[in-house]
Every structure is written in structure tokens, then in C-alpha cells.
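The residues making up each chain are set out below.
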Amino acid sequence: MQQLKALIFDVDGTLAETEPDGHSVAFNMAFQEVGIDWHWDHETYGELLDVTGGKERLFHYWQRYRPETLAEAEAHELLPRLHQRKNSLYAQIVADGKIPLRPGIENLIQTAHEQGIATAIATATSRANVTALLHAAFGPDWETKFPIVVVGDEVPRKKPAPDVYLEALRQLQLRGDECLALEDSPAGLAAATSAGIPCVVTRAKFTPDEPMPEALACINGLGSASTPSAGNGPDGAFHGIADLSQLIAWHSKNGLN
Ligand code: XBP
Ligand code: MG
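Residues numbered from 1 in each chain as written. Chains lettered and ligands numbered in written order. Predicted model: local features only at pLDDT ≥ 70, side-chain atom pairs only at ≥ 80, totals over all residues. Heavy atoms only, no water.

K.L.:
When you look at the overall build of the chain in this model, what are you seeing that I'm missing?
P.N.:
Counting its secondary structure elements, the chain contains 9 helices and 8 strands. Its C-alpha atoms give the chain a radius of gyration of 18 Å, near enough to 18 Å, the size a compact globule of 257 residues would have. In the chain, the proportion of contacts linking residues at least 24 apart, taken out of those at least 6 apart, comes to 61%. Total accessible area on the chain stands at roughly 11,600 Å², and carbon and sulfur atoms take up 50% of it. (Helix = DSSP H or I, 4+ residues; strand = E, 2+ residues; numbered from the N terminus. Rg over C-alpha atoms; globule rule 2.2 N^0.38 Å. Contact = heavy atoms within 4.5 Å. Areas by Shrake-Rupley, 256 points an atom, 1.4 Å probe, with all protein chains shown as cover.)

This is the structure:
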């Protein structure tokens, strides 16, 4: 049995509900601002989340659904600019305090630090977006909580490739089985497990309603005293709070060990 030495957190969907309340809102605002007749409703955005990375998502949508709206050269000029504008609008939404951390996250990070368990970030989003969210949530010294932050555009391949997790392991100087990943998406789960890191999925609003047998546990959130979580852990049905002691217990049963 391997001792748990680090928790590696995904950002969007796992730390906070940034997709429905932040990124998708900001994408639609940016479409309006630049005068393109695109609009991503909830269902469309949910499907587009299979493509990780906002810029990649824009190019995918253009090529797959609306190729007639932009010529090749126009798309290569407009879409990166649109993505930048989306990120500025997203940063503003976050700075306005509109996206709280999900229940249990703050407590989990605090307890991990008290018990000498490292906390790191492995995300498909950009460093600027991580900074915006964590600064708003934890204040100006947020980097003391997350000294290791690995982002999608600073590694060769985004999730579902394992690159962000492999780089996090390299910086942590730990093996995969000494860590636990927290994710909300099939792409994130695939990234963590292919890096050899057991993964707990905390379902978010956009998590597809499908079984995730590769997950060590798949629950509908970390849960709190007022709203306990439910789902499945390695021992079967789970109902309660997935606090640090629960995560350590699950980690000790990790089949990857
Ligand atoms: C989720 C993503 C990101 C965000 C948007 O990342 O795939 O692309 O949707 O952010 P994760 P960007 O769940 O790994 O945190 O526009 O910066 O890509
Ligand atoms: Mg996510």
C-alpha cells in the first residue's frame, strides 16, 4: 500500500463550476462582441467540452458545424483573438466573485496542508485563467497553496493525453501511485490514469451521465455536512463526505498500487 503524498487537482469543473457559469458565458459574450452569429447553448457546450482547450474548441466548432461563416485566413485571425477576449471576460466574471469553489474544496486543501500532503494543479486551461480563479478564491497568496501548477498550453498535448499529469509528477518528484487526482471529466480521468495516477471523479454540471469504471471513485461532489455526497467508491456505494480521511482510505485500496 502506497502512502498518499499529493493531491493533484483539475481546475474547470473540479475546483469550481467554471464552465456553465464562466467560460461558456464568456464565449457567448465574445461572439456577440465580435459580431459573429454563433451561440453555444448548454447542450451544445456540453458536447463541445469533449474538445479540451478553448482555442481548440473554437476551431473544432468552426470546422465541424459552421465552416461557411469564416474563410480559412479569417478563422486563423479571428478565433485566437476571440479566445483572448473570452479569457478577459472570464477573468472579469471570476474577479467579480461569481464563481465560488465547490463545496468541500477549501476544507480538503486546508486539511491536506495540515497533514503534510502536497497540493498541485494539472489543467487544460491557461495559467492566466488559473491565476484569475485562484486569486479570487484564495487571495493574493494563493500560490503558497499550489506551488506546482501545470497548464495545458505549456505541455505538448492537452488532456486526455497524460502530459499535464506527467509534468506535475516530475515537479512533485513523486510516482503516480503516491498521488491522487481529482477530476470531473472523462478526458481528465483518462489523462490522470494514463499517467498512472488513481483518480476520484467529482461529477460537475457538465460531466456526462455515463459510468466511469476507471475511476477509483465516482461521486457527485466532495459533499458537506448539509449536502452529503453520493456515488461509488472502491468498496461499492458511497454516501457521506469525501474528506481527506476518506480519500486516503480510497487511495489505500487503489488497484493501480
Ligand atoms: C477544461 C478545459 C478548458 C476550459 C477553457 O480544463 O478544457 O479548455 O474549458 O479554458 P480542465 P481555456 O478541466 O482541465 O481544467 O479557454 O483556457 O482553454
Ligand atoms: Mg475539468
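Back to the text.
K.L.:
Looking at this structure, I do not really get a negative patch on the surface. What am I missing?
P.N.:
A contiguous patch of negative charge, built from Asp 41, Glu 43, Glu 47, Asp 50, Asp 209 and Glu 210, is present on the exposed surface. Exposure remark for Asp 209: the relative accessible area of 80% places this residue in the exposed category. (Patch = residues over 30% accessible without salt bridge, like charges linked within 9 Å, V, L, I, M, F, W, Y side chains within 5 Å. Salt bridge = Lys/Arg side-chain N within 4 Å of Asp/Glu carboxyl O. Lys, Arg positive; Asp, Glu negative; His and termini not counted. Charge placed at Lys NZ, Arg CZ, Asp CG, Glu CD. Buried < 20%, exposed > 50% of the residue type's maximum accessible area, 1.4 Å probe, protein only.)

K.L.:
Looking at this structure, how should I read helix α7 (residues 163-172)?
P.N.:
Residue pairs spaced three or four apart in an α-helix point in one direction, given the helix's 3.6 residues per turn. Within the span of α7, buried status applies to Asp 163, Val 164, Tyr 165, Ala 168, Leu 169 and Leu 172. The inward-facing, buried residues of α7 abut β1 (6-9), β2 (118-123), β3 (148-151), β4 (179-183) and α8 (186-194). Immediately downstream of α7, the backbone of Gln 173 shows phi near 60°, a positive value.

K.L.:
Looking at this structure, how should I read helix α4 (residues 72-95)?
P.N.:
The terminal C-alpha atoms of α4, which comprises 24 residues, lie 35 Å apart, in line with the 34 Å expected from a rise of 1.5 Å per residue. Among all positions of α4, only Ala 75, Leu 78, Leu 79, Leu 82, His 83, Lys 86, Asn 87, Leu 89, Tyr 90, Ile 93 and Val 94 are buried. Packing partners of the buried residues in α4 comprise α1 (18-34), α3 (54-64) and α6 (127-138). One or two positions beyond α4, positive phi appears at Gly 97, with a value near 75°. (Expected span 1.5 Å × (residues − 1).)

K.L.:
Would you take a moment to explain the nonpolar core for this structure?
P.N.:
One recurring pattern in soluble globular proteins is that nonpolar side chains are buried together. Core analysis: the biggest nonpolar cluster contains 59 residues, and Leu 7 and Phe 9 have the highest contact counts within it. Tallying contributions element by element places α4 first for this core, with 8 residues. When sequence neighbours within four positions are dropped, the list of residues in contact with Leu 7 reads Leu 108, Ala 112, Ile 117, Ala 118, Thr 119, Ala 120, Leu 180, Leu 182, Leu 244 and Leu 247. Core analysis: the second largest hydrophobic core is formed by 25 residues, Ile 148, Ala 168, Met 212 and Ala 215 among them. (Core = buried A, V, L, I, M, F, W, Y, C linked by side-chain atoms within 4.5 Å.)

K.L.:
Whenever I open this one, the coordination of the magnesium ion (ligand 2) confuses me. Can you help?
P.N.:
Of the protein atoms, only Asp 10 (OD), Asp 12 (O) and Asp 184 (OD) coordinate the magnesium ion (ligand 2), at distances of 2.1 to 2.2 Å. All donors of the magnesium ion (ligand 2) come from a single chain, and their spacing in sequence reads D-x1-D-x171-D. Placement of the pair is Asp 10 in the loop between β1 and α1 and Asp 184 in the loop between β4 and α8, with a sequence separation of 174 residues. By the burial criterion, Asp 10 is buried, and Asp 184 matches it. (Donors = N, O, S within 2.8 Å, 3.2 Å for Na, K, Ca; no water.)

K.L.:
Honestly, the packing of aromatic side chains in this entry has me stumped. Any pointers?
P.N.:
We describe a pair of aromatic rings using the distance from one ring centre to the other and the angle between the two ring planes. Summed over all chains, the structure comprises 14 aromatic pairs. Relative to Trp 40, the ring of Phe 27 has its centre 4.9 Å away and its plane inclined at 50°; by these criteria the two rings are tilted. Here Trp 40 lies in the loop between α1 and α2 (42-48) and Phe 27 lies in helix α1, a separation of 13 residues in the sequence. A single burial state applies to Phe 27 and to Trp 40, both of which are buried. Consider the rings of Tyr 45 and Phe 206, whose centres lie 5.6 Å apart with planes at 65°: the pair is edge-to-face. Here the residue Tyr 45 occupies a position in helix α2, and Phe 206 occupies one in the loop between β5 (199-202) and β6 (217-219), the gap between them amounting to 161 residues. Note on accessibility: Tyr 45 and Phe 206 belong to one class, buried. (Phe/Tyr/Trp six-rings, centres within 6.5 Å; stacked < 30°, edge-to-face > 60°.)

K.L.:
Is there a simple way to think about the pattern of salt bridges in this case?
P.N.:
Should their charged atoms come close, side chains of opposite charge can pair. Within this structure, the stated rule accounts for 14 salt bridges. Here Lys 159 ties to Asp 10 by a salt bridge, and the two come within 2.9 Å at their closest N and O atoms. Taken as a pair, Lys 159 in the loop between β3 and α7 and Asp 10 in the loop between β1 and α1 lie far apart in primary sequence, 149 residues in all. Judged on exposure class, the residue Lys 159 and its partner Asp 10 are both buried. Sharing partners across several salt bridges, the network here consists of Asp 10, Lys 159 and Glu 183.

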